[in-house]
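In case you want the letters, here they are:
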Amino acid sequence: MNWGFTGYGRIARKFEENLAHTDHKLVAIASRSGYDQIKAPIKAYQNYKDLYADTEVDIVYVNTTHNDHCSQTIAALHAGKHVLCEKPLGTSESEVIQMIEAARANDKFLMEAIWTRYLPAYQKVISLVKNGAIGEIQMVHANFGFRMNPEDPKERLINPDLAAGAVWDVGIYPLSLAQDIFNQYPQNIQVSAKLSPLNVEDRCAIQLTYGEGQVAQLSCAIDLNSVNDATIIGSEGSITLRDFWKCEQFTLKTTKDSKDFHLPYVSTGLYHEAMACATYIENNIHESSLITFDNSRELARLMDEVILLSRSKEK
Ligand SMILES: NC(=O)c1ccc[n+]([C@@H]2O[C@H](COP(=O)([O-])OP(=O)(O)OC[C@H]3O[C@@H](n4cnc5c(N)ncnc54)[C@H](OP(=O)(O)O)[C@@H]3O)[C@@H](O)[C@H]2O)c1
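Please read all numbers here as calculations on a predicted model, not as lab measurements.

### Description of the pattern of salt bridges
Piece 1. Overall, the coordinates contain 14 salt bridges when judged by the stated rule.
Piece 2. With its nearest N and O atoms 3.2 Å apart, the salt bridge here joins Asp-202 to Lys-194.
Piece 3. In this structure Asp-202 comes out as buried when scored by relative accessible area, which is 9%.
Piece 4. Through salt bridges with shared partners, a single network forms among Lys-194, Asp-202, Arg-203 and Asp-223.

### So, the layout of surface pockets
Piece 1. What the largest pocket holds in volume is close to 1,000 Å³.
Piece 2. In terms of lining residues, the largest pocket is bounded by 39 residues, among which Arg-10, Ile-11, Lys-154, Arg-156 and Asp-169 are the most central.
Piece 3. Mapped onto the lining of the largest pocket, the elements with two or more residues apiece are α1 (10-19), α6 (155-158) and α7 (166-182).
Piece 4. Element by element, the count of residues in the lining of the largest pocket is highest for α1, at four residues.
Piece 5. Along the lines of polarity and charge, the residues of the lining of the largest pocket split into 17 nonpolar, 11 polar and 11 charged.
Piece 6. Mapped onto the domain boundaries, the lining of the largest pocket takes at least three residues apiece from domain 1 (2-114) and domain 2 (116-265).

### Comments concerning the sheet that holds strand β7 (residues 137-145)
Piece 1. Ordered in space as β8-β9-β10-β7-β11-β12-β13-β14, the eight strands form an open sheet in which the pairing is mixed. If you trace the sheet from one side to the other, it starts and ends with β8 (188-195) and β14 (258-262), each paired once. Taking the axes of each pair of neighbouring strands and ignoring which way they run, one obtains an average angle of 10° across the sheet.

### A look at the nonpolar core
One broad trend across soluble globular proteins is that nonpolar side chains are buried collectively.
Piece 1. Judged by nonpolar contacts, the single largest core of 81 residues is most densely connected at Trp-3, Phe-5, Leu-208 and Leu-241.
Piece 2. No other element matches α7, which puts 11 residues into this core.
Piece 3. Counting contributing residues, this core receives three or more from each of domain 1 (2-114) and domain 2 (116-265).
Piece 4. Those residues in contact with Leu-241 that lie beyond four places of it in its chain are Tyr-122, Val-125, Asp-229, Ala-230, Ile-232, Cys-247, Gln-249 and Phe-250.

### Side note on the site of the ligand
Piece 1. What surrounds the ligand is a group of 23 residues, the closest being Ser-31, Ser-33, Tyr-48, Lys-87 and Glu-155.
Piece 2. Within the contact set of the ligand, a nitrogen atom lies 2.8 Å away from a side-chain nitrogen or oxygen of Glu-155.
Piece 3. Asp-169 places a side-chain nitrogen or oxygen 3.5 Å from an oxygen atom of the ligand.
Piece 4. Relative to its unbound accessible surface of 890 Å², the ligand loses 86% to contact with the protein.
Piece 5. For the shell around the ligand, the elements supplying multiple residues, two or more each, are α1, α6 and α7.
Piece 6. Its residues placed into classes, the shell around the ligand shows six nonpolar, nine polar and eight charged.

Conventions and cut-offs
Residues numbered from 1 in each chain as written. Predicted model: local features only at pLDDT ≥ 70, side-chain atom pairs only at ≥ 80, totals over all residues. Heavy atoms only, no water. Salt bridge = Lys/Arg side-chain N within 4 Å of Asp/Glu carboxyl O. Buried < 20%, exposed > 50% of the residue type's maximum accessible area, 1.4 Å probe, protein only. 1 Å grid on protein atoms, 1.4 Å probe; cavity = no way out; pocket = protein on both sides within 12 Å on 5 of 7 lines; lining within 4 Å. Points joined across faces, edges and corners; volume = space filled by probe spheres on them. Helix = DSSP H or I, 4+ residues; strand = E, 2+ residues; numbered from the N terminus. Nonpolar A, V, L, I, M, F, W, Y, C, P; charged D, E, K, R; others polar. Domains from an automatic or database assignment. Pairing = 2+ DSSP bridges. Axes fitted to C-alpha atoms, helices over the stretch in contact; angles between N-to-C directions. Core = buried A, V, L, I, M, F, W, Y, C linked by side-chain atoms within 4.5 Å. Contact = heavy atoms within 4.5 Å. Near = heavy atom within 4 Å. Polar contact = N/O pair within 3.5 Å; in protein donor to acceptor, adjacent residues only side chain to side chain. Areas by Shrake-Rupley, 256 points an atom, 1.4 Å probe, with all protein chains shown as cover.

Dropping the structure here:
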């Protein structure tokens, strides 16, 4: 399968490293700022439109700032490309709906790149949970926080015009975990946020309550290094995932036993989502079974609500 990238920043370079472990080819990159760093034989474009027109490209990996995901994904789909788009798929539920409609109208594959869902350790956790290893799930605790360089903050993390802020950047990971575990939309959402001077979340604590009283307590931050573990608590035990968003290790505890698991991933882990995209496309399947269109739409709706609550509280 032949890949093309729109954007050539930090995650694109990691993705390139992971593709080197597959039999896929990175054939072209369109980048405004990284154009000079693209090395032959990869074709270099300064204009994204030239990439969409490249007949050698099967799938476009959209890895630009959040505000650009929707327009670039739709343009690539209309040009007849499959698309893997970095998280968040769009910056509102309505954008995500438009993106899904474009994928369906063009009969092309589209997936939000929540790579965690494809990691071997994470998949093992989900299978244990679904098979009742820790009973009925009652609570999820999950955090994802890092401290951006305060002297030199990345513009894409702080500039509201680029859809910045902790919720879209890292909050999506704990929200995605809670969604995967409870598989229903929360009945109640409580949010407490610390906003930046530009009115985007530096930090956010989120509590979701579900239909039978189950609770997810989640946090995200771009101004604080937190312990990025997650714990899933059931009636018969618990599972703790170390660095859950890039999980390779977890501990399963029941009343009788405690067992450590270590399931390493290939390269830096993005390999697994790249391989999954190829398998879907080869089998003419245009929607992921692990991050369905409904999953992406509901995550967007949830982030819409969380961000609205965060930003309105301080006013
Ligand atoms: N899966 C993961 O683990 C993971 C990790 C980090 C980020 N991400 C996601 O991947 C995407 C990119 O993140 P990144 O950390 O790779 O970003 P980045 O390196 O800061 O930038 C990626 C690209 O976005 C464009 N860009 C960056 N800053 C811009 C600005 N100020 N104005 C206009 N365009 C700008 C540039 O495109 P050009 O190349 O065209 O100049 C750049 O190459 C985001 O959606 C992010 O949430 C995912």
